[in-house]
Amino acid sequence: PYPNYQTRFITTHKNSCRCARFSPDGKFIATGSADTSIKLLDVEKMMSYSSQAKTTDVESDDVTMARPVIRTFYDHVAPVNDLDFHPSFPVFASCGRDCSIKFY
């Protein structure tokens, strides 16, 4: 038997998402993609966005939903291979196929 997963939010990367990590406090998620971008998301807004999308018409203009994506980083020039948060400081690092390590 396969596990039953639910899609809660789609990060809208332009290519496949290659890695994702929660921050140590669980408030943020960072995702890295083959499109060379990194998205930093707010978990609380992501959860409220998901629940609003279930109860309202997402295409409606009168619905003001919280935007879960805090920031998108475009610092790599090749796909992002991995990323991780520092365990005690508000910093995360990423590495890409461009043989670089970036700190945010």
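Calculation rules
Residues numbered from 1 in each chain as written. Predicted model: local features only at pLDDT ≥ 70, side-chain atom pairs only at ≥ 80, totals over all residues. Heavy atoms only, no water. Pairing = 2+ DSSP bridges. Helix = DSSP H or I, 4+ residues; strand = E, 2+ residues; numbered from the N terminus. Polar contact = N/O pair within 3.5 Å; in protein donor to acceptor, adjacent residues only side chain to side chain. Contact = heavy atoms within 4.5 Å. Axes fitted to C-alpha atoms, helices over the stretch in contact; angles between N-to-C directions.

Considerations on the pairing of strand 5 (residues 80–85)
(1) Moving on: The sheet contact formed by strand 5 and strand 6 (residues 92–96) spans five bridges and is antiparallel. For Asp-84, the partnering residue across the bridge sits in strand 6 and is Ala-93.
(2) Moving on: Taking the residues between adjacent antiparallel strands as the criterion, strand 5 and strand 6 are bridged by six residues.

Quick look at the side chain of Ser-37
(1) Moving on: Topologically, Ser-37 is positioned in the loop between strand 2 (28–33) and strand 3 (38–42).
(2) Moving on: One polar contact links Ser-37 to Asp-35, side chain to side chain, over a distance of 2.6 Å.
(3) Moving on: Look past the residues within four positions of Ser-37 in its chain and what remains in contact with it is His-13, Thr-31, Gly-32, Thr-72, Phe-73, Tyr-74 and Val-80.

Side note on the sheet that holds strand 2
(1) Moving on: Strand order in the open sheet made by the four strands is 1-2-3-4, with antiparallel pairing throughout. One side of each edge strand has no neighbouring strand; the edge strands of this open sheet are strand 1 (17–22) and strand 4 (69–73). Adjacent strand axes in the sheet meet at a mean angle of 15° when their direction is disregarded.

Things to note about the environment of Arg-67
(1) Moving on: The topology assignment puts Arg-67 in the loop between helix 1 (43–55) and strand 4.
(2) Moving on: The spatial distance from the C-alpha of Arg-67 to the C-alpha of Asp-42 is 8.5 Å, given a sequence separation of 25 residues.

A short note on the sheet that holds strand 6
(1) Moving on: With antiparallel pairing, the three strands of this open sheet are ordered in space as 5-6-7. Taken across any chain shown, the strands that pair with only one partner, and hence form the sheet edges, are strand 5 and strand 7 (101–103). Mean inter-strand twist for the sheet, computed between neighbouring axes without regard to direction, equals 20°.
(2) Moving on: Alignment of strand 6 against strand 7, held across three bridges, turns out to be antiparallel. Paired with Ala-93 across the strands is Phe-103, a residue of strand 7.

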